[in-house]
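# Tertiary structure, described
What follows is each chain in one-letter form.
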Amino acid sequence: MTHTDPAKVTMDLFPGSTIYESKREQIGAEAFVLRGFAQDYEADLIQAIANVTSNAPFRHMVTPGGFTMSVAMTNCGSYGWVSDRKGYRYSALDPVSQTPWPAMPASFLDLSRHAAAKAGFVTFASDACLVNCYEPGSRLSLHQDKDELDFDQPIVSVSLGVPAVFLFGGLSRKDKPERIPLFHGDVVVWGGADRLRYHGILPLKESHHPHFGKQRINLTFRKAV
Ligand code: MD3
Ligand code: FE
């Protein structure tokens, strides 16, 4: 069994932890927003992102249909999500450098495990982290994440920098999406019945963050293999 009562699990795993006190908003049967959950990790995340992107710089991937994505992307961990004219897939090598992606930073693994546990997914061990970089106007159109092998594994996402509006749809593309604002430090966990819901990000509005400037960075943790 991988899915038990979240509050109980968190208390058992992290007794006395301040993490236990952070707010948890339920947005689906098995989807939760943990407001500000990443705040305690901020300094480590900023350092780790700089290290990852110095080894595997952000790049604009091309979709199978031939469109260049407005979101710039890179990866760390054993596998990275890539797109080109041939399709979407996970790859152990960065196609730009043709070397392995940078290792998953310890702070990334720690944050993703604690967040998943808070949503009841105590066995989550991410092997892939997609790092998305949004500039004003960048958007991610409605899609499903279905390139992973095991849909019983949740996805954990961390929002940093300027705020964005997350579109949370249903299992059919036609279902009208809810709009959920996501702010610096917010963490969202999707699993179970919510794992294959359509989702996207509205075009980023111009605003300013003390560290990230006009940008929004999103870390998306997956178990790819
Ligand atoms: C909702 N990224 O990289 S959070 C993506 O903020 C992606 O950059 C967005 O969608 C971003 O694929 C949204 C990540 C997310 C991932 C999986 C989901 C949201 C999800 C699965 C089901 C529902
Ligand atoms: Fe997605």
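See the structure shown above.
As a starting point, this report considers the structure included with it. Per chain, the residues get numbers from 1 upward, laid out in the order the sequence is written. All chains are assigned letters beginning at A, and all ligands numbers beginning at 1, according to the order in which they are written. Local features in a predicted model are, by the rule used here, given only for residues with pLDDT of at least 70; side-chain atom pairs are given and counted only at 80 or more, and totals for whole chains, interfaces and linings are based on all residues. Side-chain numbers here rest on the full set of heavy atoms in the structure, without hydrogens or water.

In this description, a disulfide is simply a cysteine sulfur pair whose atoms lie within 2.5 Å. Tallied over the full model, the rule gives zero disulfides. A disulfide-free cysteine, C133 has its sulfur positioned 13 Å from the sulfur of C129, the nearest such atom.

At least two DSSP bridges between two strands are needed for those strands to be called paired. In this text, helices come from DSSP runs of H or I with a minimum length of four residues, and strands from runs of E with a minimum of two, each type numbered from the N-terminal end. Strand order across the open sheet formed by seven strands is β1-β2-β13-β10-β15-β8-β3, with antiparallel pairing between neighbours. Every interior strand has two partners, whereas the edge strands, β1 (25–28) and β3 (72–77), have only one. For this sheet, the mean inter-axis angle between neighbouring strands, taken without regard to orientation, is 20°. Of the pairings in the sheet, the one linking strand β8 (residues 128–134) to strand β15 (residues 216–222) comprises seven bridges and is antiparallel in character. When the bridges of β15 are listed, V131 appears paired with L219. Any two residues having at least one pair of non-hydrogen atoms within 4.5 Å are treated as being in contact. Orientation is described by lines fitted to C-alpha atoms, with helices fitted over the stretch in contact, and by angles between N-to-C directions that extend from 0 to 180 degrees. In the packing of helix α2 (residues 42–55) onto the sheet, the strands contacted are β3, β10 (155–161) and β15, and the crossing angle to β3 comes to about 100°.

Taken in spatial order, the four strands line up as β9-β14-β11-β12 in an open sheet, and their pairing is antiparallel. Each end of this open sheet is capped by a strand with a single partner; those strands are β9 (140–143) and β12 (178–182). The sheet shows a mean angle of 20° between the axes of neighbouring strands, taken without regard to direction.

The subject of this paragraph is the site of ligand 1. In the region of ligand 1, 20 residues are neighbours, and N132, Y134, H199, R216 and R222 sit closest. Counting of polar contacts relies on pairs of N or O atoms within 3.5 Å, with two restrictions inside protein: one atom must be capable of donating a hydrogen and the other of accepting it, and residues adjacent in sequence are counted only when both atoms are side-chain atoms. At a separation of 3.0 Å, an oxygen atom of ligand 1 approaches a polar side-chain atom of N132. At a separation of 3.2 Å, an oxygen atom of ligand 1 approaches a polar side-chain atom of D145. All accessible areas in this document rest on Shrake-Rupley with a 1.4 Å probe, and a residue is counted as covered only by the protein chains that are shown. Protein contact buries 98% of the 500 Å² of open area that ligand 1 shows by itself. With four residues, the top contributor of residues to the shell around ligand 1 is β15. Lys, Arg, Asp and Glu make up the charged group, whereas Ala, Val, Leu, Ile, Met, Phe, Trp, Tyr, Cys and Pro make up the nonpolar group; the residues left over, Gly among them, are polar. Of the residues that constitute the shell around ligand 1, the class distribution is eight nonpolar, six polar and six charged. What makes a residue near a molecule or strand is one non-hydrogen atom of that residue sitting within 4 Å of it.

Relative accessible area decides the class of each residue, using a 1.4 Å probe on protein chains only: under 20% of the type maximum gives buried, over 50% gives exposed, and in between gives partly exposed. Across the seven residues that make up β10, a large majority, seven, are buried. One ladder, built from four bridges, connects β10 with strand β13 (residues 187–190); its direction is antiparallel. Residue pairing for β13: V156 is matched across the bridge by V189. Where β10 lies against β15, six bridges are found, and the strand directions are antiparallel.

Each salt bridge in this description consists of a side-chain nitrogen of Lys or Arg and a carboxyl oxygen of Asp or Glu lying within 4 Å of one another. Evaluation of the coordinates by the stated rule reveals ten salt bridges. The closest approach of N and O atoms between D186 and R35, which form a salt bridge, is 2.5 Å. Taken together, the positions of D186 in the loop between β12 and β13 and R35 in the loop between β2 (31–34) and α2 put the pair 151 residues apart, joining distant regions of the chain. Comparing D186 with R35, the two get one shared label, buried. When salt bridges with common partners are traced through the structure, they connect D145, E148, R195 and R222 into a single cluster.

Our focus in this paragraph is helix α3 (residues 106–118). For a helix, the expected span equals 1.5 Å multiplied by the number of residues minus one. Given a rise of 1.5 Å per residue, 13 residues ought to cover 18 Å, and the 18 Å separating the end C-alpha atoms of α3 matches this to within 8%. Taken together, the buried positions of α3 are S107, F108, L111, S112, H114, A115, A116, A117 and K118. Of the residues flanking the end of α3, it is G120, one or two places downstream, whose phi is positive at about 100°.

In an α-helix, one full turn covers 3.6 residues, which means residues spaced three or four apart are oriented alike. Compared with an ideal rise of 1.5 Å per residue, which puts 14 residues at 20 Å, α2 spans 20 Å between its outermost C-alpha atoms and is within 8% of the ideal. Residues of α2 that are buried: L45, A48, I49, V52 and T53. Looking down the long axis of α2, one finds its buried residues gathered within 125° of arc, a one-sided arrangement. Opposite the packed face of α2, turned more than 90 degrees from it, sit the exposed residues A43, Q47 and S54. Structurally, α2 contributes buried residues whose contacts are with β3, α3, β10 and β15. The directions from the helix axis to the C-beta atoms form the arc being described.

By secondary structure assignment, the location of I46 is in helix α2. Each C-alpha atom of the pair I46 and F212 lies 9.3 Å from the other, and the pair is 166 residues apart in sequence.

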